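Chain by chain, the residues run as shown.
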Amino acid sequence: MPDSLNDILLVATVFAAVVIAAFWLAIVMWAYRDMRSRSRDPLAQFLVAVLVFLLNVPGLFIYILLRPRETLSAAYERSLEEEALLQEIEERPSCPGCGQRVQHNWQACPHCHHRLKKACVNCDYLLELPWNICPRCTVSQVSYTSDGTIATNSRHVQPSEPDPIDAKWVASQQLD
Ligand SMILES: [Zn+2]
Ligand SMILES: [Zn+2]
């Protein structure tokens, strides 16, 4: 065999060895980085690198089969989305009468006709039922009972009914 052919074979072998070594290292690096994006556990990251270093391509396949399905950033995004959804559900008001979802700007529940809000007698701004003054225009309001039974908007102040708790208390005092 001529020397020149030997030289060519040698160069080809070295070239192949370098390519294989680089490829080997590259898939170890890829597996290590991939595991780092899926797990914060340094031991797990190290074990993945060792597994792929020892077994190479079969090791990489084993890793891909067993790796955590979700990356850390995807898990974080999902938790944010779930939190936002939960907050939205919590913030949507429900009717105290029937528990159905209602809108912020509704004055009455369309399902059970429960009084939800009242409009300001002066500026029509929506007020909570117990409020007796409009926060926007400071005009005094007719006060509604908390169960929402009175439904008139009037500028005239209605005579207030005796508080049921007070009436009971008076009755109990009279019994003694
Ligand atoms: Zn209702
Ligand atoms: Zn007002």
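Residues numbered from 1 in each chain as written. Chains lettered and ligands numbered in written order. Predicted model: local features only at pLDDT ≥ 70, side-chain atom pairs only at ≥ 80, totals over all residues.

Novice: Explain the overall build of the chain here, please?
Specialist: The helix and strand inventory of the chain stands at five helices and two strands. Ordered by position in the sequence, the α and β elements of the chain form the string α-α-α-α-β-β-α. Residues classed as buried in the chain amount to 9% of the 176 residues present. (Helix = DSSP H or I, 4+ residues; strand = E, 2+ residues; numbered from the N terminus. Buried ≥ 20, exposed ≤ 12 C-beta atoms within 10 Å, placed from the backbone.)

Novice: Explain the packing of helix α2 (residues 42-55) against helix α3 (residues 57-66) to me, please; I cannot follow it from the model alone.
Specialist: For any two helices packed against each other, one specifies the inter-axial angle together with the distance between the axes. Close contact between α2 and α3 brings their axes to 6 Å; oriented N to C, the two are set at 145°. Contacts between α2 and α3 involve V48, L51, V52, L54 and L55 from the former and P58, G59, L60, I62 and Y63 from the latter. Its residues placed into classes, the contact of α2 with α3 shows nine nonpolar, one polar and no charged. (Axes fitted to C-alpha atoms, helices over the stretch in contact; angles between N-to-C directions. Contact = placed C-beta atoms within 7 Å. Nonpolar A, V, L, I, M, F, W, Y, C, P; charged D, E, K, R; others polar.)

Novice: Can you walk me through helix α4 (residues 72-91) in this structure?
Specialist: For α4, built from 20 residues, the straight-helix expectation of 28 Å at 1.5 Å per residue is met to within 8% by its first-to-last C-alpha distance of 28 Å. Buried residues are scarce in α4, accounting for zero of its 20 residues. (Expected span 1.5 Å × (residues − 1).)

Novice: So what exactly am I meant to see when it comes to unusual backbone geometry here?
Specialist: Peptide bonds are trans in most cases, and residues, glycine excluded, mostly fall at negative phi. With phi around 55°, N56 is a residue other than glycine that occupies positive phi space. Relative to the helices and strands, N56 is located in the loop between α2 and α3. Of note, the phi angle at H113 is positive, near 65°, even though the residue is not glycine. If you trace the backbone, H113 turns up in the loop between α4 and β1 (117-119). The partly exposed category is assigned to H113, around which 13 C-beta atoms lie within 10 Å.

Novice: Whenever I open this one, the nonpolar core confuses me. Can you help?
Specialist: If you look at soluble globular proteins, the nonpolar side chains tend to sit buried side by side. With six residues, the main nonpolar core is built from V28, A31, M35, V48, V52 and Y63. Put simply, the parts of the chain that give this core at least two residues each are α1 (3-36) and α2. No other element matches the three residues that α1 contributes to this core. Excluding residues that lie within four positions of it along the chain, A31 makes contacts with V48, A49, V52, L60 and Y63. (Core = buried A, V, L, I, M, F, W, Y, C linked by C-beta atoms within 7 Å.)

Novice: Can you walk me through the confidence of the model for the chain in this structure?
Specialist: Parts of the prediction with low pLDDT should not have their coordinates interpreted in detail. Summarising the model, the chain shows a mean pLDDT of 83, and 79% of its residues fall at 70 or more. Per-element confidence in the chain ranges from a low mean pLDDT of 56 for helix α5 (residues 164-175) to a high of 94 for α1. Scored below 50 in pLDDT, residues 151-162 makes eleven contacts in the model with residues more than four places away or belonging to other chains. (pLDDT = per-residue confidence, 0-100.)

Novice: Would you explain the packing of α1 against α2 in this entry?
Specialist: It is the contact of α1 with α2, at a shortest axis distance of 9 Å, that shows an interaxial angle of 155°. One element, α1, and the other, α2, form an angle in the roughly antiparallel class. In the crossing of α1 with α2, the sense of the turn from one axis to the other is right-handed. Facing I27, V28, A31, Y32, M35 and R36 of α1, the residues of α2 in contact are A44, Q45, V48, A49, V52 and F53. (Parallel < 35°, antiparallel > 145°, perpendicular 65-115°, else oblique. Left-handed = near helix turned anticlockwise from the far one by under 90°.)

Novice: Which parts of the structure should I look at to understand α1?
Specialist: Given 3.6 residues per turn, any residue in an α-helix points the same way as the ones three and four places further on. The terminal C-alpha atoms of α1 lie 49 Å apart, and with 34 residues this matches the ideal 50 Å at 1.5 Å per residue to within 8%. When you tally the buried positions in α1, you get three out of 34 residues, a small fraction of the element. Every buried residue belonging to α1 is among V28, A31 and M35, and all of these are buried. Those residues of α1 hidden inside the fold are in contact with α2 and α3.

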